[in-house]
Structure formats: C-alpha cells, structure tokens
Amino acid sequence: MRPSRSPRTTHPVPARPRGRRLLALAAAAVAAPAVLVATAAPSTAVDDRAADRAKDRAVLKDHQNPRDTLRAAAPKGFYLGSAVAGGGHHEEQPYADPFAYDVEYRDRLAREFSSLSAENQMKWEYIHPQQGFYNFYPADAIVRFAQEHDQVVRGHTLLWHSQNPEWLTEGDFTDEELREILRDHISTVVSRYAGRIQQWDVANEIFTEEGEFREENIWITRLGPGIIADAFRWAHEADPKAKLYFNDYNVESFNAKSDAYYELIQDLLADGVPVHGFAPQSHLSTQYGFPNDLRANLQRFVDLGLETAITEIDVRMEVGEDGPTAAQLAQQADYYQRALQACLDVRECKSFTIWGFTDKYSWVPVFFPSEGSATVTTETYERKPAYNALQDTLRAATRAGWGR
Ligand code: 9MR
C-alpha cells in the first residue's frame, strides 16, 4: 500500500517488510514447554552497568538550564511525552538500538519529557516473540528509566493487526486457543507493569478509513468484535488504575473513522466496558491542511465521559536536497502548536506525546522516502521552530493557570 494523497487522509502507513532480530534468549526458549520470561539483560545491554551510569551523570552535568526544557515549561498535571526509540524501523538502520546505546539521547529523553511511550518494545513481536515466551527486558528498561526520572509511561499496544509475531499469525490455532492466547498476553503484560503505566493503548487502529473493522486484524476477524470488550476487561482486571485507550491515525477530524469510534465507544460504555480514553495519534503532514476540528472532535469524546490525549504527533514534509525551507518549518511549528493548543483547551486532554523528538531516529523517512524533518529537533538536536512553539505554548498555559 502506498501513501494516499487525499487531503482528508494525513497518515496512511505503508506496509513494508521488516527484518527480524530475536534475542538468542528467545530462540533458546522455543523448545521449552513452560512460560519463560526474559528479564536479564543481554550481555551487550547497557542499562544496568555502573560505567554507563557514570557516563550518563557526566553528560548531565554538562547541561544547560534545566528549566529550559519542554517538561519544565508544561503546567503541573500536563504530561509532555515522547516515543522511546527502539525496535521497528531502527533495526534496519546503521546505528545501534537508540534507547539502549545512545547516552546523549537517553539524557535528553530524561530531561525533556514527563511521559514515555514504547515505540515498539511492548508490541507483540518484541514482548511475546515466541509462544509461551515473554521477553520483558526492553520494556522493563523503559519502565525503570521512567521511574528513575519521574516520568509516567504509555503502554503501546495490546490488540493490533500489525507487528504480531509469526508464531501467532501463521499458527494453526482454534478460536478458543486464540482467545486464550490474547487473554494470557493481556493479563501477563498488563499485570507486570500494574501501577506503573498511566495509559494503555488497548486497541490500536482497528478501523479502516471507511469506519469498518480492519480485516487484517486477526483478533477481530477470527473472534468477532466482541473480543474488543474482552480485551478492555482483561486489561482492567490486570491493572485497575491504568487508563485504557483506543488509539488511531486519521481520527483527528470528524470523519467516518472517528465516527465509528464514537459509535463503538458509546455501545461499550453502555455495556459497562472499562474504556477510558480515545486518542488521535496525529501523524500530520504539511502537504495537507491542519485538522481544524481537532478540538471539537476531542471534546465530543470527552463529552461521553472519556479522557483524551495526543499520542504520536509528528509533522512531516517533502524535503528537497537543501533540507526544509523556513516556510515549511514555520508551517510545521504552526501545526504542532495548534495540536497542542487543541489538547490544552480540552479539559480532559492532559497528555501530549510526540513520536520521537529527533530527526536522527524518526520513522518517517523510512516509510515515506521523499519526506522527513518530522520531529521538533534536527538530527543533531538543534531546536526547530516547532520546539520553540511547543515550549512557548506550554509556558503560556502555565502562566494562565491551566488546570486550575
Ligand atoms: O515508529 C514505529 C516504527 O519504528 C515501526 O517500524 C512501525 C511499524 O509499523 O511502527 C511505528 O509506530 C507506529 C505506531 O506503533 C502506531 N501508529 C503509527 C506509528 C508510525 O507508523
């Protein structure tokens, strides 16, 4: 599937083949009958090493004014988040796993943000790479890092059509077995992080642009849409404090897809299903207009009794050989700013997450080869106008007494 250029669709994700790189630990577990759990660091991982901690501290000392960050600008109670780069498209890039190996990246992640989202590390193919085997190491590292730096975590994701392991998609399971596999996965993963995840994307991207259930979704296609309610119930049992979300792209505006969520969520709430949030991811592009009805759309979900969040924003653009123009960067800043303002304007929107904070690690050029520059800092962490626009907007909200 190629990206569509319709002005109404801002974020079609082209499917592309992915390299697979499972830990040796996972391979070793294939033959084992019982549930195995990997929590020990692979020998190359840096997370627990004293030497790297010391290096982290040395980098920290270098830093500019700690108040000159996004998280420091945000009003109390408003979470400014970033995806934690690792897995997925990074595996095909000429660098090591960013979160595990890039000290400067980790330092900036700690200083700038008050919320972290696992970009890939909690997806099925990473956390449940073999049947009966969970590899928690990368996700544990994120949750531990967040605790060390006073950050909350968004869990991503439990029921999705994509990035599922082959043992699942190619397996020969009865419906009953498949249901049990999902139940076990949700209970195991959610309970492991119970009390440490602020929001879980329970169901991700379940609808087509036309508002039909996606046929590629193995769970819904095999088990029927009723499995969605089960997934939310299982997640709630495993962590009653986590806020449970639907998450999708191209639902920033009123359209067939967001209407489908609006209908479905009303039915689920009427049945007492623990659904707490609806989130437009907000992968935007300067090629298309800004979704002016974002605020009103967020508000209609809040009016159902939900909370809402912006969970994956980036604003990509066609980039020529000389890089983005000043006009493109200004337009990008305007889109980021308006999305943030829309969230700040809606009472129950308290979490705004950018899908990566440096172009160095962005997924965009990998999926959209002629596009890029989608994040708020360059590959060398220079602030773009978008960064400054977010910071100014957060400071203004703080001064205006947001949330009080
Ligand atoms: O950023 C993620 C990238 O590393 C993966 O290769 C890709 C695979 O689908 O997923 C990206 O994250 C997606 C997120 O999980 C769901 N919404 C769309 C995001 C961008 O494609």
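Residues numbered from 1 in each chain as written. Predicted model: local features only at pLDDT ≥ 70, side-chain atom pairs only at ≥ 80, totals over all residues. Heavy atoms only, no water.

Draft legend 1. Main features of the overall build of the protein. Broken down by element type, the protein carries 16 helices and 12 strands. Out of the 404 residues belonging to the protein, those deemed buried represent 57%. A sequence separation of at least 24 residues applies to 80% of the contacts in the protein between residues at least 6 apart. (Helix = DSSP H or I, 4+ residues; strand = E, 2+ residues; numbered from the N terminus. Buried < 20%, exposed > 50% of the residue type's maximum accessible area, 1.4 Å probe, protein only. Contact = heavy atoms within 4.5 Å.)

Draft legend 2. Spatial organisation of the site of the ligand. Near the ligand lie 18 residues; those nearest to it are His89, Glu119, Lys123, His156 and Glu312. Between Lys123 and the ligand, the recorded distance is 2.7 Å, taken from a side-chain N or O atom to an oxygen atom. A distance of 3.0 Å separates a nitrogen atom of the ligand from a polar side-chain atom of Gln281. (Near = heavy atom within 4 Å. Polar contact = N/O pair within 3.5 Å; in protein donor to acceptor, adjacent residues only side chain to side chain.)

Draft legend 3. Summary view of unusual backbone geometry. Cis peptide bonds are those with omega within 30 degrees of zero, and the linkage from His156 to Thr157 qualifies with 5°. With a phi close to 55°, Glu205 is a non-glycine residue in the positive phi region. Structurally, the position occupied by Glu205 is in the loop between β6 (199-204) and α10 (218-223). The buried category is assigned to Glu205, whose relative accessible area is 6%. The phi dihedral of Asn250 is positive, around 55°, even though this residue is not glycine. Inspection of the secondary structure assignment puts Asn250 in the loop between β7 (243-248) and α12 (256-270). Taking the relative accessible area as the measure of exposure, Asn250 reaches 3% and is therefore buried.

Draft legend 4. Highlighting the state of the cysteines. Applying the stated criterion across every chain yields a total of one disulfide. Put simply, Cys343 and Cys349 are joined by a disulfide, and their sulfur atoms are 2.0 Å apart. For the disulfide bridge between Cys343 and Cys349, the dihedral angle about the S-S bond is near -100°, and by the sign convention the bridge is left-handed. No difference in accessibility class separates Cys343 from Cys349, as the two residues are buried. (Disulfide = S-S within 2.5 Å.)

Draft legend 5. Region of interest: the nonpolar core. Residues Met122, Trp200, Ile206, Trp219, Phe246 and Phe352 are the most contacted members of the largest nonpolar core, which totals 100 residues. In this structure Trp219 touches Trp124, Leu159, Trp160, Asn164, Leu168, Leu178, Ile181, Leu182, Gly224 and Ile227, once residues within four positions along its chain are discounted. Counting residues in hydrophobic clusters, the runner-up holds eight residues, among them Trp355, Trp363, Phe367 and Ala374. (Core = buried A, V, L, I, M, F, W, Y, C linked by side-chain atoms within 4.5 Å.)

Draft legend 6. Structural detail: the packing of aromatic side chains. Tallying each qualifying case throughout the model produces 22 aromatic pairs. Seen from their ring centres, Tyr261 and Phe278 are 5.3 Å apart, and the 50° between their planes marks the pair as tilted. Residue Tyr261 is found in helix α12, and its partner Phe278 is found in strand β8 (residues 277-280); the two are separated by 17 residues along the sequence. Looking at Phe278, the relative accessible area reads 0%, which means it is buried. We note Arg154 situated over the ring of Tyr245; from NZ or CZ to the ring centre the distance is 5.2 Å. Between Lys257 and the ring centre of Tyr249, over which it is positioned, the NZ or CZ distance is 3.8 Å. (Phe/Tyr/Trp six-rings, centres within 6.5 Å; stacked < 30°, edge-to-face > 60°. Lys NZ or Arg CZ within 6 Å of the ring centre and 35° of its normal.)

Draft legend 7. Main features of the pairing of strand β2 (residues 79-84). β2 sits mainly inside the fold: five of its six residues count as buried. Relative to strand β3 (residues 115-118), β2 runs parallel, the two being bridged by four bridges. Bridging across to β3, Gly81 finds its partner in Ser115. (Pairing = 2+ DSSP bridges.)

Draft legend 8. Spatial organisation of helix α14 (residues 326-345). Counted at 1.5 Å a residue, the expected span for α14 with its 20 residues is 28 Å, and the 28 Å between its end C-alpha atoms agrees. Those residues of α14 lying buried are Gln328, Leu329, Gln332, Ala333, Tyr335, Tyr336, Ala339, Leu340, Ala342, Cys343 and Leu344. Summarising the contacts, the buried residues of α14 are in contact with β9 (283-285), α13 (294-302), β10 (307-318), β11 (349-354) and α16 (385-399). (Expected span 1.5 Å × (residues − 1).)

Draft legend 9. Structural view of the confidence of the model for the protein. Taken residue by residue, the protein gives an average pLDDT of 89. The fraction at 70 or more is 84%. Note on residues 1-11: pLDDT is under 50 here. Beyond four places in sequence and across chains, it has 34 contacts. Scored below 50 in pLDDT, residues 40-46 shows 13 contacts in the model against residues more than four places distant or in partner chains. (pLDDT = per-residue confidence, 0-100.)

Draft legend 10. Broad picture of the side chain of Asp248. Along the chain, Asp248 turns up in strand β7. Residue classification places Asp248 among the buried residues on the basis of a relative accessible area of 0%. Engagement of the side chain of Asp248 in a polar contact is seen with the side chain of Tyr261, the distance being 2.5 Å. Contacts of Asp248, omitting those with residues within four sequence positions, involve Glu205, Ile206, Phe207, Lys257, Tyr261, Ala279, Pro280 and Gln281.

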